[in-house]
Amino acid sequence: MRFLKLLFILFIIPYFRIYAQDIEDTSIIKLEVKEVTITATKKEKEIQKVPFPVSIIDSKKISSTGSSTLDQVIKNETGIITVPTRTGTEGVQIQGVDASYTTVLIDGYPLIGRSFGTLNLQRVSVNDVKRIELLKGASSSLYGSSAIGGVINVISNRLSEDGKRFTGKLKLGSYNTVNPNLSYQFKKDPFRFSTSLDYYETSGYDLIKTDMLKTVNPFYNYTSHSNLGLSLSKKLILEGTLRYYYQNQLNTSLSLDDEKLEGESTIKEWNAGYTLKYMINNNLSQEINIYGAYYRTDEFLEDLSNNLYDQKYFDNSLVCPELITRYNRKNIDVMFGVGSENEKLARTDFLETKEQKLNFTYGQIDVRVFKFINLILGSRFDNYTNYDSHFSNKLGIGLNLSKALLVNGSVGSGFKTPDFRQRYFDFTSSTFGYTVLGRDVVLEELTNMQEEGLIVNTFIPLESLNTPLSAEKSTNINLGLRYNLSAKLNFDINFFKNKIYNLIETQLIANINALPVFSYFNVNQVETRGLEFNTKWNSNKWEIKTGYQLLYAFDSEVKESFSNGEIYAKDENGISFQLEKSDYIGLFNRSKHMGNLQISHINKNSTYNISFRYRSKYGLSDSNGNEVFDKYDNFIKDYTLCDISYITKITKHQSAQLGIDNLFNFTYPQYISNTPGRRYYLILKFNIK
Amino acid sequence: MKQIFNILIIMTLIAGLNSCKKDDTPVPSNLDCNQIANGPAMLDSCGVCQQAYIYDYVSHAFEMLDDTNNVQLDPTEMLIMPDSPSNPYWNNSCVLTIGTFTELDASNYTVDPNNGTLSGNFVKFNFSSESVVNGDNWDVAFRGTTIIINGGESSNIDQPNRTANAAVYIADGTMESITEVDVASLLQDDSTSPAIPDDFGFTGTGWCTYNQITHIISPIAGKILVFRTHDNKYAKMEILNFYDTPMTSPYGGFFTFNYVLTGGATTLF
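Residues numbered from 1 in each chain as written. Chains lettered and ligands numbered in written order. Predicted model: local features only at pLDDT ≥ 70, side-chain atom pairs only at ≥ 80, totals over all residues. Heavy atoms only, no water.

Novice: Describe helix α8 (residues 556-563) of chain A, naming the residues involved and giving the relevant values.
Specialist: Residue and element names in this part refer to chain A. Among all positions in α8, only Ser556, Val558, Ser561 and Phe562 are buried. The elements touched by buried residues of α8 are β28 (515-538), β29 (542-555), β32 (584-586) and β35 (629-630). Glycine 565, located one to two residues past α8, shows a positive phi value of around 70°. (Buried < 20%, exposed > 50% of the residue type's maximum accessible area, 1.4 Å probe, protein only. Helix = DSSP H or I, 4+ residues; strand = E, 2+ residues; numbered from the N terminus. Contact = heavy atoms within 4.5 Å.)

Novice: Describe the packing of aromatic side chains, listing the residues and the values that go with them.
Specialist: Each pair of aromatic rings is reported with the distance of its centres and the angle of its planes. Tallied over the full model, the rule gives 50 aromatic pairs over all chains. Where phenylalanine 127 of chain B meets phenylalanine 227 of chain B, the ring centres are 5.3 Å apart and the plane angle is 50°; that geometry is what we call tilted. With a gap of 100 residues between them, phenylalanine 127 of chain B in the loop between β9 (123-126) and β10 (131-133) and phenylalanine 227 of chain B in strand β16 (residues 223-228) connect regions that are remote in the sequence. Each ring, one from phenylalanine 142 of chain B and one from phenylalanine 255 of chain B, has its centre 4.4 Å from the other, and the planes form 40°; the classification is tilted. Of this pair, phenylalanine 142 of chain B sits in strand β11 (residues 140-143) while phenylalanine 255 of chain B sits in strand β18 (residues 254-261); the two residues are 113 residues apart in sequence, bridging distant segments of the chain. The exposure class assigned to phenylalanine 255 of chain B is buried, which follows from its relative accessible area of 0%. Site record: aromatic cluster; members linked through ring pairs are Phe101, Phe125, Phe127, Phe142, Trp207, Phe227, Phe242, Tyr243, Phe255, Phe257 and Tyr259 of chain B. Here the basic side chain of lysine 171 of chain A rests over the ring of tyrosine 681 of chain A, its NZ or CZ set 4.8 Å away from the ring centre. (Phe/Tyr/Trp six-rings, centres within 6.5 Å; stacked < 30°, edge-to-face > 60°. Lys NZ or Arg CZ within 6 Å of the ring centre and 35° of its normal.)

Novice: Go over the pairing of strand β22 (residues 405-416) of chain A, please, and point to the residues and values.
Specialist: Residues and elements named next belong to chain A. The buried fraction of β22 amounts to 10 of the 12 residues, a majority that puts the element mostly inside the structure. Relative to β22, strand β21 (residues 390-400) runs antiparallel, the two sharing seven bridges. Looking at β22, one finds that glycine 398 is bridged to asparagine 408. (Pairing = 2+ DSSP bridges.)

Novice: Quick one: what's the story with the sheet that holds strand β5 (residues 77-80) of chain B, residue by residue and with numbers?
Specialist: Residue and element names in this part refer to chain B. With antiparallel pairing, three strands are arranged side by side in an open sheet as β4-β3-β5. Pairing within the sheet leaves two strands with one partner each, and these edge strands are β4 (62-65) and β5. For this sheet, the mean inter-axis angle between neighbouring strands, taken without regard to orientation, is 20°. For strand β3 (residues 52-56) and β5, the ladder comprises four bridges, and the chain directions are antiparallel. When the sheet's bridge partners are listed, tyrosine 53 is paired in β5 with isoleucine 80. (Axes fitted to C-alpha atoms, helices over the stretch in contact; angles between N-to-C directions.)

Novice: Let's hear about the pattern of salt bridges: which residues, and what values?
Specialist: When the charged atoms of two side chains lie near each other, side chains of opposite charge can form a pair. Residues and elements named next belong to chain A. Here the structure, examined in full by the defined rule, presents 32 salt bridges over all chains. A salt bridge links glutamate 77 to lysine 61; the nearest nitrogen and oxygen atoms lie 3.2 Å apart. On the criterion of sequence distance, the pair formed by glutamate 77 in the loop between α4 (70-74) and β4 (80-84) and lysine 61 in helix α3 (residues 59-65) is long-range, its members being 16 residues apart. Lysine 61 gets classed as buried once you look at its relative accessible area, which sits at 16%. (Salt bridge = Lys/Arg side-chain N within 4 Å of Asp/Glu carboxyl O.)

Remember, this is a structural readout, not a statement about activity or role.
Here is the structure:
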């Protein structure tokens, strides 16, 4: 509470002070600056010239949504949905590709600490963010493993011109949400520095009141994030970033006898990246990157008499040095990178700390021919010391048919190496008794069990476990165009296709007594395809943005089984009937149609925003006895979410924002755990320059 | 009466097997289905070989005949030809018994999560009587998700002894589409595991699936259990539900199933 009081003093007092000096808001002057992206090619490039599907969420857009964290912002984007994971966190689905195939970067550096393969986007605060770049489609040619669905890059605020800026922000909202943020940016050549401190606290929410557990338990977290830049000479620049995140959440569960268990779970995370850039001459430069990341969770549960019931930890680290050489002339940009990566994971249910070493090298050529054709060719080789090596390629072609029209196409490959869990897991459920063994330890463990005299009844020949898992691989095709019809109206359309094969899933391999033992196998092949359409219109006072995605996502083998008449379903009486080819709908948790509409009305001192997000019906799990999604299954009905907000300027450097998220109070307690009911919030913000 | 009936069944079965064997070589046209030259035995429309017999309507004694020539009848005896309207066995095995058994209670079992051992009694079912039985005259028995048959070997000391020659396999299809028993697919329980895989619904190779999130056991759609019963009839079964209504136990073990039983040794449903 004392912390809260302190924050109020910090915020409310400056709020009522009047500042004598008037400094023009620099964002108005910079309106003419063209949108750039750094994620698509690892160098700043005008978005209108990038032949890959990229979208940018700028700071204005972020603040209009009143969002605190990355998951809240990103779900307003076309074709993006955030999906709750098994541990209650939120991952992101891009182009219908599952959440575990996305890479998330902060200032270009990758986050680690995946839970069931998925990065939790709630970890990333967006209060001090300049823009978020969203690169869709396989991008392993630049980013290596896990960049199958796409790459999200969160770029923090920094000043590009000399000056300083101090921003304070306080958000108060439903569910006792308190989210203050302080940030400071300073630039005076040759030095640039920015830092921010973010605190977030909420009491969580409970969608199902009748059970003993809350849907989301109360938690608090804070993030401190700093960036610095120093021009040591005209030719030598040092840049650094440092981020620390801590979260503490109440942990609850039920014991086998339905007794309530209570404890705590904490997350600690460090990210530190340093770059030294050296401009050798006008055309040639080199940079050395060193990046380190550390992610640790600890959790425990106690019964009512404070006896320890369960305890877990997860300790993940990454060190990654990299050397990049860039060469550019008038019509050609060449980049060449070499680096290595050393990732370690120690956790409960691992026999020992596991390590994965990687050496990689990549190159990219960006050429402009006949003035209007842009060719980008990228290639990367990942050489794992204890694992298969991989080549990933990407080719993009952009045709600037006019200044306003870009037609583009790209083909890329992606891969995801089996993660530590799929290789080294050694887990036995205390509640249900089943065992899961990673592919690299399964044979040894089964043999040990047999030697110990446990009855092991195997369902598959043990020799088939001798071969290691293959990486999950993908190919991705995009074909699109971007057209700026006028300064007021533009649109883009993109057709996409993703094919992911060698998908890794668990399968039963043996019984110990009567309890099942699972391991990991490469089994399925899935395909997603569809199109995305976005358009934006703006006048002096209005801005209207709308987007639509059509999506077909299916499992290729299941589709074939349907064609062969091998799939049956049960009716409401439990009686089976045969299904036809046309009865197959596709993958779970994919909507065929998704759309969004955002309208802003901008006055001199105030802005009104309203946004809608629509999802057509979809399925979450099988309901008629065949484990696949067919037209006789239960659907989650289509729904629309609506957020509104009102922003008003009080003085030149003070503003207030009032908003309601989920205006229609839509909830679906049993099935949609990440959508609480209607939420109100107030944001107070000030700026000193 | 019962003894005679059994004899009759065994004889028809032998006849049936014999006819199978001979299928490979051309059969002389003057052999009947009982392999008697110019004999009176005939296949009924269920594919079962029926013989002529002498019936004593006072003592109710039967005498099976290979040959009806020169038969001497006592005053209380009568000659019954296979396809005679007075022969109750003619087409008898095509008379199907169709039924639904609701909530067979096999829920009295426990799993020890530490070592995976299951304990509890098996509940035995007899198709011919369409009821739960206590004796050795059972065809199939249930405990939790485990299904065993009265044929083969026991894989666990908790299981009742096998006393008959029942067998089973899981067919893909619907109750309507499974019209004939594929005798070659029939399996018996063995000392390592029952013929119907006891996988708790984890592999999809048994009769059910287990949802790890909702913890619900569901019968797999399109799985029909095809049995040879302890009394050498054939049956097909579709499990409709594993829980009682209203639900009294989240662990289930209440089997509701549809079944069709042949009247005899015919493999046609």
